[in-house]
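# Structural features, examined
The primary structure of each chain is shown beneath.
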Protein chains: 2
Amino acid sequence: MLKNYEIRKYQMPPDEIKALVKEKREELVRQQLMIKEQAIPVFVLIEGWGAAGKGTLIGNLIEDMDPRFFRVIKMSEPNEEARRRPFLWRYMEVAPETGKFVFLDSGWLSETADDMINGRIDDETLERRLWQIRTFDRQLKDNGYLVVKLFLQIPQEEQKRRMEKLQNDKNTRWRVSEKDILQVKKREKYEKIYDRILEATNTGYVPWNIVDAVDKKQALLQVLHILTIQLNQAAENRKILPEILYKDYPLLKMPKLSEIPLNQEMSKEEYEIRLKELQKKLKKLHNKIYQKKIPVIIAYEGWDAAGKGGNIKRLTSALDPRGFEVHPIASPEPHEKSRHYLWRFYHRLPKDGHIAIFDRTWYGRVMVERIEGFCSENDWKRAYNEINEFEKDLSDWGAVVIKFWVHIDSDTQLARFQERERIPEKNWKITQEDWRNREKWTEYETAVNEMIEKTSTENAPWYIIQSNNKYYARLSAIQIVIAEIEKRLV
Amino acid sequence: MLKNYEIRKYQMPPDEIKALVKEKREELVRQQLMIKEQAIPVFVLIEGWGAAGKGTLIGNLIEDMDPRFFRVIKMSEPNEEARRRPFLWRYMEVAPETGKFVFLDSGWLSETADDMINGRIDDETLERRLWQIRTFDRQLKDNGYLVVKLFLQIPQEEQKRRMEKLQNDKNTRWRVSEKDILQVKKREKYEKIYDRILEATNTGYVPWNIVDAVDKKQALLQVLHILTIQLNQAAENRKILPEILYKDYPLLKMPKLSEIPLNQEMSKEEYEIRLKELQKKLKKLHNKIYQKKIPVIIAYEGWDAAGKGGNIKRLTSALDPRGFEVHPIASPEPHEKSRHYLWRFYHRLPKDGHIAIFDRTWYGRVMVERIEGFCSENDWKRAYNEINEFEKDLSDWGAVVIKFWVHIDSDTQLARFQERERIPEKNWKITQEDWRNREKWTEYETAVNEMIEKTSTENAPWYIIQSNNKYYARLSAIQIVIAEIEKRLV
């Protein structure tokens, strides 16, 4: 790509270029307002060679823009918080909100190239990252983002010349990092790896734009050109329904809810003895995953009053409280709603070696959001694949991912609801909404069956927990968690 | 304190202790529900000697609690993000939301003690931190938090014995850190510094509780005892109005708004020439504060349509976009409202060397919240002092803090409102709320005068920007920013 990129050269005298820059900049200001009105999040990634002028370019781009609606972020080396999370975690963290721009000064391209050059990642990891980047780009685009990717290209001689100039001036010397020097020295190697990444992530939905950055005015005009065109298309593009993909994940064959027997029995005595044994075992495993830095993600879904809370408590009381966190998930808050629907779950991912338990999850998309119409049909239909991708990303990172559907029958729910209304201490657990949801039991059952069918992957399986008998359910869950962690530890 | 603490010893046979522990634990579970209902945030800090059993104790405490409503956080060494912010920043970040518990395993006490022992901070910094901690505790308490501080005490011999036992077992050896070993070796030094910090932060509003941790069962019972008592009092304590403090900050003598002349004139030509000069100067200074790691915080308040947005833009277009951020402040979101009202501003503090510009600020407390009744009278009256403390904390950290009241007269506002309604491209800038606020001009003027009078400190001065003429206003603001930064650079 770097060799054969199309050079957009403006063959006109400098003052005409200047006038054109001015015109395009004014257009950008108008577009910023349009973006705000249309609530489009705009993510602009600016990559390129050291000394290619990324900083100056961004400065020129934003000069007339309203600073309340954009952020410029320089992505430096990932810190410890980021290193203990999936590769793209920190990029998802900074993804813009609706109506706002984020300009990234370097990003996943240069991070990956540096990691390859320094031998921090191998070929296999590289391939996985390329897949992750493509998926990330597509998911952002499908969920309404405009993603613009720019690469500022300068020839080797030009880069060398600029570096030397910076180094020879004592006022600018501090700006030249060791990484920059390495890049000049290993230019060919870098060229190869840049090219490989550029090509592998140059997709129809989010293409790369190679910018000839030798002449700064020409470069600025090129970028303004690219940006304004894409911004104009953004609103139009949003009207096109994204394709609903069904990727070939190895799906496990799962039963329908109606096929699950719920007649298990268990005495309190048996339960207490078994629980103690299992909790002891889990405690030891928790120590091991901590030492081996394995992240564990446990997702709880289930009928209202199925016993999720009590079930979670039996798990956590066996765990070192410094090594887990429980995330109760309610409807998204405004700053969450204005981002990709998976953002708030990325945001809550555990550090490696830690356990995150989600009390309700990202599956809200294909259950409550589907049934209540909080998202479009295209949105929830697309979500099965998006969620499979999300969970693949998690397990590629090394996470143990376990998903529970805590299951009861309709009569048992009714009995428990009535108990909650009768007993004052349990009153807070029951609301009018629970009753309303209950009326939609059949709709939910359809949605749950489809969800379980389409998202039971080998790396993130669903387990249907039979919970008419709570004792039985608690032991089942803890046994499954033990088994899944042990599988990973072998 | 460590020598003379009151030992609570339960003189009873083990099975009675066990029964009592069970009882207290059940009480704690009931209280958790009460805390949730009363929307009280509970912050429990657990400090103590290495190997005193902090982890086990926390594990025992939370065993029966509902894991959805508490978090246990192990505070390790501050990472880079934290080190580039004020000392208490990361503790504010993890402060609990209403109705939730946060248990901190170690915190500002041990961080400060370690820093003293390792010579990372001097006596002066220590004294400043002690003031910060006291202020932090009081502000949390006054704003409705329950803060419980525990210190687990074991004698030197006992600590030594426990450490050796841990080290001799290959399964537990990894749990002994270098810091732990240092603590045993420098026990006397640690004792002295612990004592100094404990005493200086043992206040009437948030006292320390020294727990004799030699016997683990006794310790657990003591802690349960302390915790349940304080939880029971928490709801009662909230009904007592906090004292409204007026600390002796050196206040600058400021004029009333009505005394400000607004008849400045300036031609566009003069403006453009001067602006260019000033922006060039500011650009250089931005480079310097980046190199010297000086944080800069610029707070904008002012009448609607006074020209804050345009004013901010003239500042930022002179700045390297990677080194500043503009934070538009609207009404708080749910997760912000459920914390200390300054939380969302702490959260947005810049890294050192960076500039944060706030478009509306923490002064909302004493303006819109006061006038609209969004907080109580006691709340906003207390806020002057709380804000002075907040800003002192910022300038102690090394920040340049600049506050602008962008001022116009009522006729000018009317003319600008009408213009916004007339011109389609400006429509988005005017809402019904702006008109409603305009009707309260006099109330706001009173509030603004009081605010400026009570919070113009030397380290964080107010500047009233005369903005009937926008050109004049923009040059004023940029001149002040330059002057304040230059003052710091001398």
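## Considerations on the overall build of chain A
For chain A, the count of helices and strands is 20 helices and 10 strands. Referenced to the eigenvectors of the C-alpha coordinate spread, the extents of chain A come out at roughly 85 × 45 × 40 Å. Expressed as a percentage of its 490 residues, the buried residues of chain A come to 58%. When contacts within chain A are restricted to residue pairs at least 6 apart in sequence, those whose partners lie at least 24 apart make up 83%. Total accessible area computed for chain A in this model is approximately 22,100 Å², and 48% of it derives from carbon and sulfur atoms. Across chain A, the 85 positively charged side chains and the 79 negatively charged ones have centroids separated by 4 Å.

## Brief notes about helix α19 (residues 441-455) of chain A
Residue and element names in this part refer to chain A. With 15 residues, α19 ought to run about 21 Å at 1.5 Å a step, and its terminal C-alpha atoms sit 21 Å apart, in line with that. Of all the positions in α19, only Trp-441, Tyr-444, Ala-447, Val-448, Asn-449, Glu-450, Met-451, Ile-452, Lys-454 and Thr-455 are classed as buried. Buried positions along α19 lie against α15 (368-372), α16 (377-397), β9 (400-407), α17 (410-422), α18 (432-439) and β10 (462-466).

## Things to note about the confidence of the model for chain A
Summing up the model confidence of chain A, the mean pLDDT is 95 and the portion of residues at 70 or higher is 100%. For this predicted complex, the interface score ipTM comes out at 0.82, alongside a pTM of 0.89.

## Here's the deal with the pattern of salt bridges
All names here are of chain A. Under the defined criterion, the tally for this structure stands at 91 salt bridges over all chains. Between Arg-322 and Asp-320 there is a salt bridge, with the nearest N and O atoms lying 3.3 Å from each other. Residue classification places Arg-322 among the partly exposed positions, given a relative accessible area of 23%. Asp-320 gets classed as partly exposed once you look at its relative accessible area, which sits at 31%.

## Thoughts on the interface of chain A and chain B
Listed by partner, the interface residues are 42 residues for chain A and 42 residues for chain B. Among the residues chain A hides against chain B, the three largest losses belong to Arg-68, Arg-322 and Trp-428 of chain A. Together they make up 19% of the total. Our enumeration of links across chain A and chain B arrives at six salt bridges. Among the ionic pairs, Asp-359 of chain B bridges to Arg-68 of chain A, the shortest N-O distance being 3.2 Å.

## Details of the nonpolar core
Note on soluble globular proteins: their nonpolar side chains tend to be buried together. Counting residues in hydrophobic clusters, the biggest one holds 303 residues, and the most contacted among them are Phe-103 of chain A together with Phe-103 of chain B. Setting aside anything within four residues of it in sequence, one finds Phe-103 of chain B in contact with Val-44, Ile-46, Ile-58, Leu-61, Ile-62, Met-65, Phe-70, Arg-71, Val-72, Ile-73 and Leu-227 of chain B.

## Here we look at unusual backbone geometry
Residue and element names in this part refer to chain B. Phi at Ala-39 takes a positive value of approximately 55 degrees, unusual for a residue other than glycine. For Ala-39, the location among the structural elements is in the loop between α1 (14-38) and β1 (42-48). With a relative accessible area of 31%, Ala-39 lands in the partly exposed category. Phi at Lys-293 takes a positive value of approximately 55 degrees, unusual for a residue other than glycine. Following the sequence through the fold, Lys-293 ends up in the loop between α11 (268-291) and β6 (296-302). Overall, the relative accessible area of 47% leaves Lys-293 in the partly exposed class.

## Some thoughts on the relation of the copies chain A and chain B
Note on the copies: chain A fits chain B at an RMSD of 0.0 Å, the axial shift is 0.0 Å, and the rotation between them is 180 degrees. A rotation of that kind, with that shift, is consistent with a two-fold axis. Closest approach to the rotation axis among the C-alpha atoms of chain A is made by Glu-333 of chain A, whose C-alpha sits 3.7 Å away. Both copies contact each other with a shared surface, as 100% of the interface residues of chain A are interface residues in chain B too.

## Some remarks on the sheet that holds strand β2 (residues 70-74) of chain B
Residues and elements named next belong to chain B. If you walk across this open sheet you meet the five strands as β2-β3-β1-β4-β5, and the pairing is parallel. In this open sheet, the two strands that pair with only one neighbour each are β2 and β5 (208-212). This sheet shows a mean twist of 20 degrees between the axes of neighbouring strands, independent of strand direction. As judged from the five bridges shared by β1 and strand β3 (residues 101-105), these two strands associate in the parallel manner.

## Focus: the sheet that holds β10 of chain A
Residues and elements named next belong to chain A. Here we have five strands laid out as an open sheet, ordered β7-β8-β6-β9-β10, and parallel in their pairing. The sheet terminates laterally at β7 (324-328) and β10, the two strands that pair on one side only. Averaged over all neighbouring strand pairs, the angle between strand axes comes to 20 degrees, with direction disregarded. On top of the sheet, helix α12 (residues 308-316) reaches β6 (296-302), β7, β8 (355-359), β9 and β10; it is set at about 160 degrees to β6, its chief contact.

## A look at the packing of helix α12 (residues 308-316) of chain B against helix α20 (residues 470-489) of chain B
Residues and elements named next belong to chain B. Axis separation between α12 and α20 bottoms out at 9 Å; the angle between their running directions is 45 degrees. Judged on the interaxial angle alone, α20 and α12 are oblique. The crossing of α12 and α20 is right-handed. Mapping the contact onto sequence places Gly-310, Asn-311, Arg-314 and Leu-315 in α12 and Ala-473, Arg-474, Ala-477, Ile-478 and Val-481 in α20. Taken together, the residues that form the contact of α12 with α20 break down as five nonpolar, two polar and two charged.

## Some thoughts on the packing of helix α7 (residues 156-168) of chain B against helix α8 (residues 178-185) of chain B
Residues and elements named next belong to chain B. Where α7 meets α8, the axes come as close as 10 Å, and the angle between the chain directions of the two elements is 145 degrees. Crossing of α7 over α8 shows left-handed handedness. In contact with Gln-156, Gln-159, Lys-160, Met-163 and Gln-167 of α7, α8 contributes Asp-180, Ile-181, Gln-183 and Val-184. Broken down by class, the residue content of the contact of α7 with α8 amounts to three nonpolar, four polar and two charged.

## Observations concerning the packing of aromatic side chains
Under the defined criterion, the tally for this structure stands at 52 aromatic pairs over all chains. With centroids separated by 6.0 Å and ring planes inclined at 65 degrees, the aromatic side chains of Phe-43 of chain B and Trp-108 of chain B adopt a geometry described as edge-to-face. On the criterion of sequence distance, the pair formed by Phe-43 of chain B in strand β1 and Trp-108 of chain B in helix α5 (residues 108-117) is long-range, its members being 65 residues apart. Note on accessibility: Phe-43 of chain B and Trp-108 of chain B belong to one class, buried. Counting every residue linked through ring pairs, the aromatic cluster contains Phe-345, Tyr-346, Phe-358, Trp-362, Tyr-363, Phe-390 and Trp-462 of chain A. Note that Arg-187 of chain A overlies the ring of Trp-49 of chain A, its terminal NZ or CZ placed 3.6 Å from the centroid.

## Here we look at the side chain of Thr-201 of chain B
All names here are of chain B. Relative to the elements of secondary structure, Thr-201 occurs in the loop between α9 (187-200) and β5. Side-chain polar atoms of Thr-201 contact the side chain of Trp-208, separated by 2.8 Å. Excluding residues that lie within four positions of it along the chain, Thr-201 makes contacts with Leu-130, Ile-133, Arg-134, Asp-137, Lys-149, Val-206 and Trp-208.

## Some words on the side chain of Arg-420 of chain B
Residues and elements named next belong to chain B. Secondary-structure assignment places Arg-420 in helix α17 (residues 410-422). Although Arg-420 is buried, it makes no salt bridge; Asp-434 carries the closest opposite charge, 5.2 Å away. Those residues in contact with Arg-420, other than ones at most four positions away along the chain, are Ala-305, Lys-426, Asn-427, Lys-429 and Ile-430.

## Looking at a positive patch on the surface
A grouping of Lys-280, Lys-284, Lys-288 and Lys-292 of chain A is seen on the molecular surface, where their side chains present a positively charged patch. Residue position: Lys-284 of chain A is located in helix α11 (residues 268-292).

## Observations regarding the environment of Glu-243 of chain A
For Glu-243 of chain A, the location among the structural elements is in the loop between α10 (216-239) and α11. Note: C-alpha distance between Glu-243 of chain A and Lys-381 of chain A (138 residues apart in sequence) is 9.7 Å.

## Details of the environment of Thr-412 of chain B
In this fold, Thr-412 of chain B is placed in helix α17. Taking relative accessible area as the criterion, Thr-412 of chain B reaches 14% and is therefore assigned buried.

## As for the environment of His-335 of chain A
Inspection of the secondary structure assignment puts His-335 of chain A in helix α13 (residues 334-337). Taking the C-alpha atoms as reference points, His-335 of chain A and Tyr-10 of chain A, separated by 325 residues in sequence, lie 42 Å from one another.

## A few points about α12 of chain B
Along an α-helix, residues three or four apart share an orientation, since each turn contains 3.6 residues. Of all the positions in α12 of chain B, only Lys-308, Asn-311, Ile-312, Leu-315 and Thr-316 of chain B are classed as buried. Looking down the long axis of α12 of chain B, one finds its buried residues gathered within 130 degrees of arc, a one-sided arrangement.

Here is what the cut-offs are and how they apply
Residues numbered from 1 in each chain as written. Chains lettered and ligands numbered in written order. Predicted model: local features only at pLDDT ≥ 70, side-chain atom pairs only at ≥ 80, totals over all residues. Heavy atoms only, no water. Helix = DSSP H or I, 4+ residues; strand = E, 2+ residues; numbered from the N terminus. Buried < 20%, exposed > 50% of the residue type's maximum accessible area, 1.4 Å probe, protein only. Contact = heavy atoms within 4.5 Å. Areas by Shrake-Rupley, 256 points an atom, 1.4 Å probe, with all protein chains shown as cover. Lys, Arg positive; Asp, Glu negative; His and termini not counted. Charge placed at Lys NZ, Arg CZ, Asp CG, Glu CD. Expected span 1.5 Å × (residues − 1). pLDDT = per-residue confidence, 0-100. Salt bridge = Lys/Arg side-chain N within 4 Å of Asp/Glu carboxyl O. Buried area = accessible area lost by both parts, 1.4 Å probe. Core = buried A, V, L, I, M, F, W, Y, C linked by side-chain atoms within 4.5 Å. Least-squares fit on C-alpha atoms with pLDDT ≥ 70 in both. Pairing = 2+ DSSP bridges. Axes fitted to C-alpha atoms, helices over the stretch in contact; angles between N-to-C directions. Parallel < 35°, antiparallel > 145°, perpendicular 65-115°, else oblique. Left-handed = near helix turned anticlockwise from the far one by under 90°. Nonpolar A, V, L, I, M, F, W, Y, C, P; charged D, E, K, R; others polar. Phe/Tyr/Trp six-rings, centres within 6.5 Å; stacked < 30°, edge-to-face > 60°. Lys NZ or Arg CZ within 6 Å of the ring centre and 35° of its normal. Polar contact = N/O pair within 3.5 Å; in protein donor to acceptor, adjacent residues only side chain to side chain. Patch = residues over 30% accessible without salt bridge, like charges linked within 9 Å, V, L, I, M, F, W, Y side chains within 5 Å. Arc of directions from axis to C-beta.

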